[in-house]
Amino acid sequence: MSNPLQQTIEALAKEKGIEPDVVISAIEEAVATASRKYYKTGENLKTRFNTETGQVDLFALKTVVEDVTNAATEISITEAREMYRPLYGDEVANSIELGDEMEFPKPTEVLGRIAAQTAKQVIFQKVREAEREHVFAEYNERIGEVVNGTVKRFENGDIILEIGRIEAVLPRKEQSRAESYTPQDRVRTVIKGVNRSAKGPQIVLSRTDPALLIKLFEQEVPEIYDGTVMIRGAVREAGDRAKVAVYSRERDVDPVGACVGMKGTRVQSIIRELRGEKIDIVEWSEDPVAFVTNALSPAKVQRVSIVDDRDRVMEVIVEDKQLSLAIGKKGQNVRLAAKLTGWRIDIKSEEEKRREVEAQFGELEIPGDSSSDASTDAAAEQSAAKVEASVAEAEASDTPVPYTLAGIGEKTVRKLVEAGLATQEAVAAASAEELAAIPGIGDKTAEKILAAARGDASESGQE
């Protein structure tokens, strides 16, 4: 049966969330500190907690030597053997060798009130240090985890939250500008970091970190939680807008649809949690052109071209009426799309692009000069031809396509026509491999095109 002190130690350890051995070690060190202050003999004092009696035993350690030079810490081998012989017999006494350490019990009852107060302070300090270290280790492993907290108070714009049995800080810079709180409000945050300080570990929370958005999707969307749908990136301007790129590992699962939910129920619950922050869910793609096109949602893109592959620069052309939507309020939509994709995006309207091409054409025009040689004229004609081709390409999007395919965009149909498949019947007669070989059309798109072309063809045949 454990003694009262042992029970007190176990209760204290449980309350502070630390091991009982830490408390026992603190008690032993506290008694040793108090004993040194009381005795002041220069002896090498050692303490040991006795689990049977519930007391802390105090000893003076002395090293066995040939000739004693410091009586407080040394004892001669002759004296040591003579001391042990009547107590333990010749065999034990003769086993004592040079360098052995002998323990000499000392009383602790005489330590007094001041020594007891010193012991109490040392115990309190050691337990507090152990508690701080335990908190730091626990929460340092939980960075990126979502926790629920209660607003306790406000300090210079920062919000102090109570999570579990400890306090954490939600700094002003980690608060969404669309949110405000009052004491006792329940707040869901993500653990951003843990800082060591003189007052103990400081747990830093965030409501603006994209990690909060990702964790909320994991909690609301079962397909993300079980790994069927993966979040490949998330960016936010907290309180205004966010973009999330998702990818499905299974062909039959629509990643965007899974995140939106039936009638938008899943994404709406996240929007409510983020106090009305708009969320664009876009499909991730290995093809940077397709990914950038998706990332600019809800704007519809006409054409995308890579300007500089090394510096990751893209030029995006949109319809004149789509320009403001593509750029977004104060450039927010294109800024988030650029952060999500990792590409610098230069957005232009069709009219801007047309003027740009015409300006290039005007710069290349060479005034008539009878002295110009044939090679110069040829170079000018060649440059003009290139510019005219660029203008024709810019205007090509206005030309109606000769046929349409269910579920296939006009841009893709135009690629088929440019590749020589001028009729729906020609597309239906092609193989998936032939379609996939056309630039900008992958294996999945090729299969969708074939299904649409052959399905439509069979229907028209029956009619």
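What this report covers is the structure whose coordinates are included nearby. Nothing here was measured: the structure is a model prediction, and the numbers come from that model. (Residues numbered from 1 in each chain as written. Predicted model: local features only at pLDDT ≥ 70, side-chain atom pairs only at ≥ 80, totals over all residues. Heavy atoms only, no water.)

Examining the overall build of the protein
Now for step 1: Helix and strand counts for the protein stand at 18 helices and 15 strands.
Now for step 2: Each of the 463 residues in the protein was classed as buried or not, and the buried ones make up 39%.
Now for step 3: Taking all contacts inside the protein whose residues are at least 6 apart in sequence as the whole, residues at least 24 apart take part in 57%.
Now for step 4: If you sum the accessible surface of the protein, you get close to 27,000 Å²; carbon and sulfur atoms cover 48% of it. (Helix = DSSP H or I, 4+ residues; strand = E, 2+ residues; numbered from the N terminus. Buried < 20%, exposed > 50% of the residue type's maximum accessible area, 1.4 Å probe, protein only. Contact = heavy atoms within 4.5 Å. Areas by Shrake-Rupley, 256 points an atom, 1.4 Å probe, with all protein chains shown as cover.)

Comments concerning the pairing of strand 10 (residues 229–237)
Now for step 1: With seven of its nine residues buried, strand 10 lies for the most part within the structure.
Now for step 2: Across eight bridges, the pairing between strand 10 and strand 11 (residues 241–248) is antiparallel. From the neighbouring strand, Arg-236 faces strand 11, where its bridge partner is Ala-242.
Now for step 3: Linking two consecutive strands that pair antiparallel, namely strand 10 and strand 11, is a turn of three residues; a positive phi of about 90 degrees is found at Gly-239 within it. (Pairing = 2+ DSSP bridges.)

Brief notes about the sheet that holds strand 10
Now for step 1: The strand order 10-11-12 describes an open sheet built from three strands, whose pairing is mixed. Because the sheet does not close on itself, it has two edges, and the strands there are strand 10 and strand 12 (278–283). Across the sheet, the mean angle separating the axes of adjacent strands is 20 degrees when strand polarity is ignored.
Now for step 2: Running at roughly 155 degrees to strand 12, helix 10 (residues 288–295) makes contact with strand 11 and strand 12 of the sheet. (Axes fitted to C-alpha atoms, helices over the stretch in contact; angles between N-to-C directions.)

Thoughts on the pattern of salt bridges
Now for step 1: In the structure shown here, the tally under the stated rule is 32 salt bridges.
Now for step 2: The residue Glu-162 makes a salt bridge to Lys-152 at a minimum N-O spacing of 3.6 Å. Placement of the pair is Glu-162 in strand 6 (residues 158–163) and Lys-152 in strand 5 (residues 146–155), with a sequence separation of ten residues.
Now for step 3: For Glu-167, the salt bridge goes to Lys-152, with nearest N and O atoms at 2.7 Å. Of this pair, Glu-167 sits in strand 7 (residues 166–170) while Lys-152 sits in strand 5, placing them 15 residues apart in sequence. (Salt bridge = Lys/Arg side-chain N within 4 Å of Asp/Glu carboxyl O.)

Some remarks on the packing of aromatic side chains
Now for step 1: Throughout the structure, instances matching the rule amount to two aromatic pairs.
Now for step 2: With a centroid separation of 6.5 Å and an interplanar angle of 65 degrees, the aromatic rings of Trp-284 and Phe-291 are classed as edge-to-face. Each member of the pair Trp-284 and Phe-291 is classed as buried.
Now for step 3: Through a chain of ring-to-ring contacts, the aromatic side chains of Tyr-247, Trp-284 and Phe-291 assemble into a single cluster.
Now for step 4: It is Lys-62 that lies over the ring of Phe-104; its NZ or CZ is 5.3 Å from the centre.
Now for step 5: The ring of Phe-136 carries Arg-196 above its face, with NZ or CZ at 3.8 Å from the centroid. (Phe/Tyr/Trp six-rings, centres within 6.5 Å; stacked < 30°, edge-to-face > 60°. Lys NZ or Arg CZ within 6 Å of the ring centre and 35° of its normal.)

Re helix 3 (residues 77–88)
Now for step 1: Helix length check: helix 3 (twelve residues) gives 16 Å between terminal C-alpha atoms against 16 Å at 1.5 Å per residue, within 8%.
Now for step 2: Just downstream of helix 3, Gly-89 is the residue with a positive phi angle, here 95 degrees. (Expected span 1.5 Å × (residues − 1).)

As for helix 2 (residues 20–39)
Now for step 1: Under the 1.5 Å per step criterion, the end-to-end length of helix 2 is 29 Å for 20 residues, consistent within 8% with the ideal 28 Å.
Now for step 2: In the stretch just after helix 2, Lys-40 is the one whose phi turns positive, near 50 degrees.

Re the sheet that holds strand 13 (residues 301–308)
Now for step 1: Strand order in the open sheet formed by three strands is 13-14-15, and the pairing between neighbours is mixed. The open sheet terminates on both sides in strands that have one partner only, identified here as strand 13 and strand 15 (344–349). Ignoring strand direction, the axes of neighbouring strands in this sheet form an average angle of 25 degrees.
Now for step 2: Examined bridge by bridge, strand 13 and strand 14 (residues 313–318) share six bridges and lie antiparallel to one another.

Overview of the environment of Pro-20
Now for step 1: Note that Pro-20 resides in helix 2.
Now for step 2: Remark: the alpha-carbon pair of Pro-20 and Thr-8, spanning twelve residues in sequence, is separated by 9.8 Å.

Geometric values such as these leave the question of function open.
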